[in-house]
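A structural walkthrough
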Amino acid sequence: MVFKKCPGQDLSRKKMEEVVCNLPCPSCGFEVEFFFDDKNRICPECGAKVSKSDVQLLKDFGCADWCEAAEKCIGSDLYARLKNAKKKK
Ligand SMILES: [Zn+2]
């Protein structure tokens, strides 16, 4: 089996703690589990939409910084958001 994925988002190169993170729901505080490629999730407790912060996105899509295929790979919307988030730092 051949995976055509960019090396930055290759799961086999990631550590478990880099793949999954927990973010508290802004509405009820429930710890919602995010995988690295999730941008938003629905809280299983109250149904509220939980979004990843820019900081967390930068961490999870750090490869977008150096990878030439990043814009194609993660989509131009997210790519632009990451670039903006980076500038704010
Ligand atoms: Zn909730």
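Owing to the predicted nature of the structure, the values given are computational and were not obtained by experimental measurement.

Quick notes on the rules
Residues numbered from 1 in each chain as written. Predicted model: local features only at pLDDT ≥ 70, side-chain atom pairs only at ≥ 80, totals over all residues. Heavy atoms only, no water. Donors = N, O, S within 2.8 Å, 3.2 Å for Na, K, Ca; no water. Tetrahedral: all angles 85-135°; square planar, octahedral: opposite > 155°, others 65-115°. Helix = DSSP H or I, 4+ residues; strand = E, 2+ residues; numbered from the N terminus. Buried < 20%, exposed > 50% of the residue type's maximum accessible area, 1.4 Å probe, protein only. Contact = heavy atoms within 4.5 Å. Core = buried A, V, L, I, M, F, W, Y, C linked by side-chain atoms within 4.5 Å. Expected span 1.5 Å × (residues − 1). Arc of directions from axis to C-beta.

This paragraph deals with the coordination of the zinc ion. Every protein donor of the zinc ion is accounted for by Cys25 (SG), Cys28 (SG), Cys43 (SG) and Cys46 (SG), and the metal-donor separations fall at 2.3 Å. Around the zinc ion, the four donor atoms are arranged such that angles at the metal cover 107 to 114°; this shape is classified as tetrahedral. Here the donor residues of the zinc ion share one chain and are spaced in sequence as C-x2-C-x14-C-x2-C. Taken together, the residues span a long stretch of sequence, with Cys28 in the loop between strand 1 (20–24) and strand 2 (31–35) and Cys43 in the loop between strand 3 (40–42) and strand 4 (49–51) at a distance of 15 residues. With relative accessibility at 41%, the residue Cys28 sits in the partly exposed group.

Right, let's talk about the side chain of Gln56 for a bit. Mapped onto the fold, Gln56 is located in helix 2 (residues 54–60). Those residues in contact with Gln56, other than ones at most four positions away along the chain, are Cys21 and Leu23.

Judged by nonpolar contacts, the single largest core of 13 residues is most densely connected at Phe61, Ala64, Ile74, Leu78 and Leu82. Counting only elements with at least two residues in this core, the list comes to helix 2, helix 3 (70–74) and helix 4 (76–88). Per-element tally for this core: the top contributor is helix 4, with four residues. When sequence neighbours within four positions are dropped, the list of residues in contact with Ala64 reads Ala70, Ile74, Tyr79 and Leu82. Cys21, Leu23, Val32 and Phe34 belong to the second largest nonpolar core, which has seven residues in total.

Taking 1.5 Å of rise per residue, 13 residues should cover 18 Å, and helix 4 covers 19 Å from first to last C-alpha, within 8% of that figure. Along helix 4, the residues that are buried comprise Leu78, Tyr79, Leu82 and Ala85. Along the axis of helix 4, the buried positions cluster into a sector of 125°, meaning they face one direction only. Along helix 4, exposed side chains directed more than 90 degrees from the buried face belong to Asp77, Lys87 and Lys88.

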